[in-house]
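# What the coordinates show
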Amino acid sequence: MNILVRELNEQKLEVFVTRILDDLGAAMIAPLVRIGDELGLYSALAASGPVTPEELARRTATVERLVREWLSAHAAAGYLDYDATTKRFSMNPEQAMVFGNPDSPVYMLGSFEVCQAVMVDQPKVSRAFRNGGAAGYHGRCNCLFSGMARFFGVSYKAHLVQEWLPALDGVVEKLERGARVADIGCGHGISTILMAKAFEQSRFLGVDNHEDSIACARDAAKRDGVAARTEFDVATAKNFVGGNFDLICCFDALHDLGDPVGAASRILQALAPDGTFMAVEPLAGDRLEDNINPVGRLYYAGSTMICTPVSLAQEVGLALGGQAGPARLEAVLREAGFSRVRIAAETPFNIVLEARR
Ligand SMILES: C[S@@+](CC[C@H](N)C(=O)[O-])C[C@H]1O[C@@H](n2cnc3c(N)ncnc32)[C@H](O)[C@@H]1O
C-alpha cells in the first residue's frame, strides 16, 4: 500500500479540503469584488437600505440578471446580508467598513485591485521562475500601481500623521516649523500628499522611477490643493536630486529596490546633519516560523508575485522580499552607514524604522 494512503487521516483531510474550498471561494469572488468596486455597486449598497436586485440594477444602470447573481454570490460568501423573507440584500455596518466606506481604516477594495494585477501578471512571473527571476515594475498591469496606492493608503491615512511621524525623535516639531522632506519610491504620492496636507510650512519631494505613477501623483497633488508645496520627480532611489533634507521616507518600497544598501547610502548623503530616515516596511518577524500567520500569508504571496521579482530585475538584485524582518532591515541600514537604528512604531501591517547618522 502507498505510504501516503496508509497514513492518511480522514479527519485531517476533511478539515484541509474544507479550508481549501474556502480559499477557492475567496479566490473566485475576487473578480466580483472588482466588479462591485468598478461599477459602484458597493457605494450604492452603502447609500441605500436593503435592496432587491431590480432596485440595485436600476440605481447603478446595470443588468438585473447579472446583479442578482452577483448579490447571491455575496450572500453565500457572507460579504452581504440576505433576508429570505423580504428577498432583499443589505450591507451591515461591519461589511460597510470593509466595502462601503473609503475613509474606514479597514477599507479593503484596493487590495482586490492588487489581486487582479497579480493574476494578470502571473505569466510574467512564471517565466521569471525559469529565467533569472526578474519581473520588474515596468510592463506590469496598471491596476497594480493604483491598487498598491489604495491598499497602502488605508494604513497611511490611519497611522502616518497620527502615530508614525510623532514616534520619530523631534521630527513633528521640524515639520511644523518648516522642513524639507523627500519620499522615495512614492508611487502615486499618497504618503507625500498626506504629509503635505498636515504640514503647511514644509516642502515635499516625491521620487519614483515609474513615470505613470509620478504623473498620477502630480495630478493628485493638484486635486488635493498641495501642488505648491510638493514636487514629484521621475528618478531612481540612488540618483534622485537634492540634499539637506530633514526627513527622508520610504513607504513599503525599500525592500523592493534591487540595491537597498546603495539607496540607503544615497539617502544618508542627502540628509541634513541631524536628519532622519523613516523606512516604513511590511510587518514581519525575522524568521519564517514567525510569519506563519494571516499577514505573512498575504505578504509572502505578494512578495513572490511582486517584491522579489521586482528587486531581481534591478541592479544588485538583493531581493530582500516583503517579509525581510527587522533584523535584516536594520543590517541593510547599518551597512549603508546609519549608526542609530530603532523600531519607532508597529501597526498590524507595518513596522516603522527610524535611522539616523
Ligand atoms: C510597493 S510600491 C510602494 C509605493 C508607495 N510608496 C506606496 O506606498 O503607495 C514600491 C514603489 O517603489 C518604486 N520603485 C521600485 N524601484 C525603484 C527604484 N529603484 N527607484 C525608485 N523607485 C522605485 C515603484 O515604482 C513603486 O512605486
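Residues numbered from 1 in each chain as written. Predicted model: local features only at pLDDT ≥ 70, side-chain atom pairs only at ≥ 80, totals over all residues. Heavy atoms only, no water.

## Notes on a nonpolar patch on the surface
On the surface, Leu-8, Leu-13 and Val-17 cluster together into a nonpolar patch covering about 240 Å² of accessible area. You can see Val-17 is positioned in helix 2 (residues 10-38). (Patch = residues over 30% accessible without salt bridge, like charges linked within 9 Å, V, L, I, M, F, W, Y side chains within 5 Å. Areas by Shrake-Rupley, 256 points an atom, 1.4 Å probe, with all protein chains shown as cover. Salt bridge = Lys/Arg side-chain N within 4 Å of Asp/Glu carboxyl O. Helix = DSSP H or I, 4+ residues; strand = E, 2+ residues; numbered from the N terminus.)

## Description of the site of the ligand
The environment of the ligand is made up of 19 residues, and the closest members are Tyr-156, Gly-185, Asp-208, Phe-251 and Gln-314. Between Tyr-156 and the ligand, the recorded distance is 2.6 Å, taken from a side-chain N or O atom to an oxygen atom. In the environment of the ligand, a nitrogen atom lies 2.8 Å from a nitrogen or oxygen atom belonging to the backbone of Phe-251. Against a free-state accessible area of 590 Å², the protein chains account for coverage of 96% of the ligand. The element contributing the most residues to the shell around the ligand is helix 9 (residues 142-164), with three residues. A breakdown of the residues in the shell around the ligand according to their chemical character gives 10 nonpolar, six polar and three charged. (Near = heavy atom within 4 Å. Polar contact = N/O pair within 3.5 Å; in protein donor to acceptor, adjacent residues only side chain to side chain. Nonpolar A, V, L, I, M, F, W, Y, C, P; charged D, E, K, R; others polar.)

## What to know about the UniProt feature "domain: Methyltransferase" (unreviewed entry) in the protein
The UniProt feature table records "domain: Methyltransferase" (unreviewed entry) at residues 176-290. This span, residues 176-290, is 30% helix and 30% strand, and a straight line between its end C-alpha atoms measures 38 Å. (UniProt positions renumbered as here; feature names shortened; annotations may be inferred.)

## Digging into the sheet that holds strand 7 (residues 271-282)
Read from one edge of the open sheet, seven strands run 5-4-3-6-7-9-8, paired in mixed fashion. The outermost strands of the open sheet, each flanked by one partner alone, are strand 5 (230-234) and strand 8 (340-346). With direction set aside, neighbouring strand axes in the sheet form an average angle of 20 degrees. Here strand 7 pairs with strand 9 (residues 350-356) via six bridges, running antiparallel. Along strand 9, the bridge assignment pairs Val-280 with Val-352. Running at roughly 145 degrees to strand 7, helix 13 (residues 260-270) makes contact with strand 3 (180-184), strand 6 (245-251) and strand 7 of the sheet. (Pairing = 2+ DSSP bridges. Axes fitted to C-alpha atoms, helices over the stretch in contact; angles between N-to-C directions. Contact = heavy atoms within 4.5 Å.)

## What to know about unusual backbone geometry
The phi angle at Asn-244 is positive, at roughly 60 degrees, despite the residue not being glycine. Looking at the secondary structure, you find Asn-244 in the loop between strand 5 and strand 6. The backbone of Val-316 shows a phi angle near 75 degrees, a positive value even though the residue is not glycine. Structurally, Val-316 is set in the loop between helix 14 (294-312) and helix 15 (326-335). Residue Val-316 is classed as exposed on the basis of its relative accessible area of 62%. (Buried < 20%, exposed > 50% of the residue type's maximum accessible area, 1.4 Å probe, protein only.)

## Comments concerning the packing of aromatic side chains
Counted under the stated rule, the structure contains 12 aromatic pairs. Among the aromatic side chains, those forming a connected cluster through ring pairs are Phe-151, Phe-152, Tyr-156, Trp-164, Phe-251, Tyr-299 and Phe-349. Arg-180 extends its terminal NZ or CZ atom over the ring of Phe-245, reaching a point 4.6 Å from the ring centre. Positioned above the aromatic ring of Phe-240 is the side chain of Arg-266, whose terminal nitrogen or guanidinium carbon lies 4.4 Å from the ring centre. (Phe/Tyr/Trp six-rings, centres within 6.5 Å; stacked < 30°, edge-to-face > 60°. Lys NZ or Arg CZ within 6 Å of the ring centre and 35° of its normal.)

## Structural notes on the nonpolar core
By size, the foremost hydrophobic cluster in this structure holds 49 residues, and its most contacted members are Leu-160, Trp-164, Leu-165, Leu-175, Leu-247, Phe-251 and Met-278. A per-element tally of this core places helix 9 first, with nine residues. When sequence neighbours within four positions are dropped, the list of residues in contact with Met-278 reads Leu-160, Trp-164, Leu-165, Leu-168, Leu-247, Ile-248, Cys-249, Cys-250, Phe-251, Val-352 and Leu-353. By size, the runner-up hydrophobic cluster in this structure holds 32 residues, among which are Ile-184, Leu-257, Ile-267 and Ala-279. (Core = buried A, V, L, I, M, F, W, Y, C linked by side-chain atoms within 4.5 Å.)

## Some points on the pairing of strand 5
Look at any regular strand and the pattern is simple: side chains alternate between the two faces of the sheet. Note: strand 4 (residues 203-208) against strand 5, five bridges, orientation parallel. Opposite Phe-204, over in strand 5, you have Thr-230 as the bridge partner. Remark: the strand 4/helix 12 (residues 211-223)/strand 5 crossover connection has right-handed handedness. (Right-handed = clockwise from strand over helix to strand, strands pointing away.)

## Comments concerning the packing of helix 8 (residues 122-130) against helix 14
Between two packed helices, both the angle of their axes relative to each other and the distance between the axes serve to describe the pair. Remark: helix 8 packs on helix 14, axes separated minimally by 10 Å, with the N-to-C direction vectors making an angle of 55 degrees. The angle between the axes of helix 8 and helix 14 places the two elements in the oblique class. Along this stretch, helix 8 crosses helix 14, giving a crossing that reads as left-handed. When helix 8 is examined against helix 14, the residues Gln-122, Val-125 and Phe-129 are found in contact with a partner set consisting of Thr-304, Met-305 and Pro-309. Of the residues belonging to the contact of helix 8 with helix 14, the class tally is four nonpolar, two polar and no charged. (Parallel < 35°, antiparallel > 145°, perpendicular 65-115°, else oblique. Left-handed = near helix turned anticlockwise from the far one by under 90°.)

## A look at the environment of Ala-237
Residue position: Ala-237 is located in the loop between strand 5 and strand 6. Relative accessible area serves as the criterion here: at 13%, Ala-237 is assigned to the buried category. Sequence-distant contacts of Ala-237, defined by excluding residues within four places in its chain, comprise Ile-184, Leu-257, Ala-263 and Arg-266.

## Looking at the pairing of strand 3
Burial within strand 3 is extensive, with four of its five residues counted as buried. Where strand 3 meets strand 4, five bridges bridge the pair, whose relative direction is parallel. Across the sheet, Asp-183 pairs through a bridge with Gly-206, a residue of strand 4. As for the winding sense of the linkage, the β-α-β connection from strand 3 through helix 11 (residues 190-198) to strand 4 is right-handed. In terms of strand pairing, strand 3 meets strand 6 through four bridges, oriented parallel. Residue pairing in the sheet places Ala-182 in a bridge with Ile-248 of strand 6.

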